Amino acid sequence: MSTSMRVMELVRFGEADTAFAARELPRPAPGPGQVLVRVEATSVNPLDLQTRRGDYRDQVALPAVIGNDVSGVVVGTGPGADDFRPGDEVWYLAPIFAGQGTYAEFHVVDQALVARKPEGLSHVEAAGLALVGMTAWEALAERARVRAGERVLVHGGAGGVGSVAVQVAKALGAEVVTTARARDHEFVAGLGADRAIDFSAGDYVPQVRALGGVDVVLDTVGGDTLARSPEVLADRGRVVSVVDIPEPQNLLAAWGVNATYHFLFVSPGRAKLAALGRLVDQGGLRPVIGAVLPLADLAQAHTLLEGGSATEGPRRRPRGKITIAVHP
């Protein structure tokens, strides 16, 4: 059996077409409490784009294998790793900025972070759901504690996190409002959104206020969208943002409605995966896969998520997630 594996390694910060190189690295070995997984599929997230550009260069030493989503098959276990056996199909979110990433044929991870893949999902679908699904679940169920009958505004309902968040909010019993371009309104309605607002056609705030405001805002956009979120909140509303915001925010409007803010950098864990798996099994959640590319085309996947390049011109970003089939 080969002791090496194929990876796409980040060798320099910058544009996608020069950042990655195909390499052969030694296959990792599982330590105590760890499992070795053959990565069937992974995915590309905005965090990966930021890492590639150099936004987190203090946390990432080059060369590095990045990436965080995994759906795959257990092929080995370390001492004390008794929860899984070779042949088990699993999925998980790898620790962020800790150890080797998932743009590779094999990956080692602590078994405590791993769950069995829902039978109703393919590996590509599971890989496309891990990070965004756990983000949406933690944001809405654990941070905002959405209750049945509340009204939730999801910014960017056609995106990776947003398309899952619309479904999670609906499964929690909420009335769901989302912002999306007009061309995506039918799509987000199919996910369960009760109302869609075209953010590109004007100010979304008056339209949300006309509904009576919302109890929860999930911000996947940042900037002015986050700054204006308290303007649509009902009293004691909650805002959860999954975007890092370097500039200060004017929270006077938030103070006026006794708002609670949560800033979320998702953490891996089996409990969140189990919750998502139950929603999948109940028919309340389905990942949206916008494109599937091979590992060798990782740079193209990054460019596609960014919406084009200087040389190729703008592209329409796919709805939902861009996934990587590592072992087609």
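The structure presented is a predicted model; accordingly, all values stated were derived computationally and were not measured.

Colleague: Describe helix 10 (residues 298–306), listing the residues and the values that go with them.
Modeller: By the burial criterion, the buried members of helix 10 are Leu298, Ala301, His302, Thr303, Leu304 and Leu305. Gly307 lies just past helix 10 and shows a positive phi near 90°.

Colleague: An account of the nonpolar core is needed here, citing residue identities and associated values.
Modeller: If you look at the biggest cluster of nonpolar residues, it comprises 88 residues, and the most contacted ones within it are Tyr92, Tyr103 and Leu140. Element by element, the count of residues in this core is highest for helix 3 (residues 123–143), at 11 residues. In this structure Leu140 touches Arg145, Val146, Val152, Ala165, Val168, Ala169, Leu172, Val216 and Leu218, once residues within four positions along its chain are discounted. If you look at the next biggest cluster of nonpolar residues, it comprises 15 residues, including Val177, Val205, Val208 and Val217.

Colleague: Let's hear about the side chain of Glu9: which residues, and what values?
Modeller: Inspection of the secondary structure assignment puts Glu9 in strand 1 (residues 4–10). When its relative accessible area of 7% is taken as the criterion, Glu9 is described as buried. Polar side-chain contacts of Glu9 include one of 2.8 Å to the side chain of Arg23. Look past the residues within four positions of Glu9 in its chain and what remains in contact with it is Ala19, Phe20, Ala21, Arg23, Leu25, Pro63, Ala64 and Val65.

Colleague: Residues and numbers for the packing of aromatic side chains, please.
Modeller: Summed over the entire model, instances satisfying the criterion amount to 4 aromatic pairs. A centroid spacing of 5.0 Å and a plane angle of 45° characterise the contact between Tyr56 and Phe97, whose relative ring orientation is tilted. Of the two residues, Tyr56 is situated in the loop between helix 2 (46–53) and strand 4 (69–77) and Phe97 in the loop between strand 5 (89–93) and strand 6 (106–110); the sequence distance between them amounts to 41 residues. Judged by its relative accessible area of 15%, Tyr56 is buried. With a relative accessible area of 32%, Phe97 lands in the partly exposed category. Here Phe97 and Phe265 contribute two aromatic rings whose centre-to-centre distance is 6.4 Å and whose plane-to-plane angle is 20°, an arrangement assigned as stacked. Remark: Phe265 occurs in the loop between strand 13 (260–263) and helix 9 (270–281) and Phe97 occurs in the loop between strand 5 and strand 6; sequence separation between them is 168 residues. Positioned above the aromatic ring of Phe106, the side-chain terminus of Arg27 is 3.8 Å from the ring centre.

Colleague: Residue-level account of the pairing of strand 5, with values.
Modeller: Counting buried positions along strand 5 gives 4 out of 5 residues, so the element sits mostly inside the fold. Both strand 4 and strand 5 contribute to a ladder of 5 bridges, which runs antiparallel. In the strand pairing of strand 5, Ser71 is matched with Trp91. In the sheet, strand 5 pairs with strand 7 (residues 114–116) via 3 bridges, with the strands oriented antiparallel. Bridging across to strand 7, Trp91 finds its partner in Ala115.

Colleague: Explain the sheet that holds strand 9 (residues 175–179) to me, and be specific about the residues and the numbers.
Modeller: The strand order across the open sheet built from 6 strands is 10-9-8-11-12-13, with neighbouring strands paired in parallel fashion. For this open sheet the edge positions go to strand 10 (195–197) and strand 13, each flanked by a neighbour on one side alone. Direction aside, the axes of adjacent strands within the sheet are offset by 15° on average. One ladder, built from 5 bridges, connects strand 11 (residues 214–219) with strand 12 (residues 233–241); its direction is parallel. Looking at the pairing, Leu218 lines up with Val240 of strand 12. Lying over the sheet, helix 3 contacts strand 8 (151–155), strand 11, strand 12 and strand 13, oriented at roughly 155° with respect to strand 11.

Colleague: So what about unusual backbone geometry? Which residues, and what values?
Modeller: A cis amide bond links Leu62 to the next residue, Pro63, at an omega of -5°. Assignment of secondary structure puts Pro63 in the loop between helix 2 and strand 4. Here Phe97, not a glycine, exhibits a phi torsion of approximately 60°, which is positive. Its identity is not glycine, yet Asn258 carries a phi of approximately 55°, on the positive side. With respect to the helices and strands, the residue Asn258 is situated in the loop between helix 8 (252–256) and strand 13. Residue classification places Asn258 among the partly exposed residues on the basis of a relative accessible area of 41%.

The rules behind these values
- Residues numbered from 1 in each chain as written.
- Predicted model: local features only at pLDDT ≥ 70, side-chain atom pairs only at ≥ 80, totals over all residues.
- Heavy atoms only, no water.
- Buried < 20%, exposed > 50% of the residue type's maximum accessible area, 1.4 Å probe, protein only.
- Helix = DSSP H or I, 4+ residues; strand = E, 2+ residues; numbered from the N terminus.
- Core = buried A, V, L, I, M, F, W, Y, C linked by side-chain atoms within 4.5 Å.
- Contact = heavy atoms within 4.5 Å.
- Polar contact = N/O pair within 3.5 Å; in protein donor to acceptor, adjacent residues only side chain to side chain.
- Phe/Tyr/Trp six-rings, centres within 6.5 Å; stacked < 30°, edge-to-face > 60°.
- Lys NZ or Arg CZ within 6 Å of the ring centre and 35° of its normal.
- Pairing = 2+ DSSP bridges.
- Axes fitted to C-alpha atoms, helices over the stretch in contact; angles between N-to-C directions.

Read these as spatial facts, not as claims about activity.
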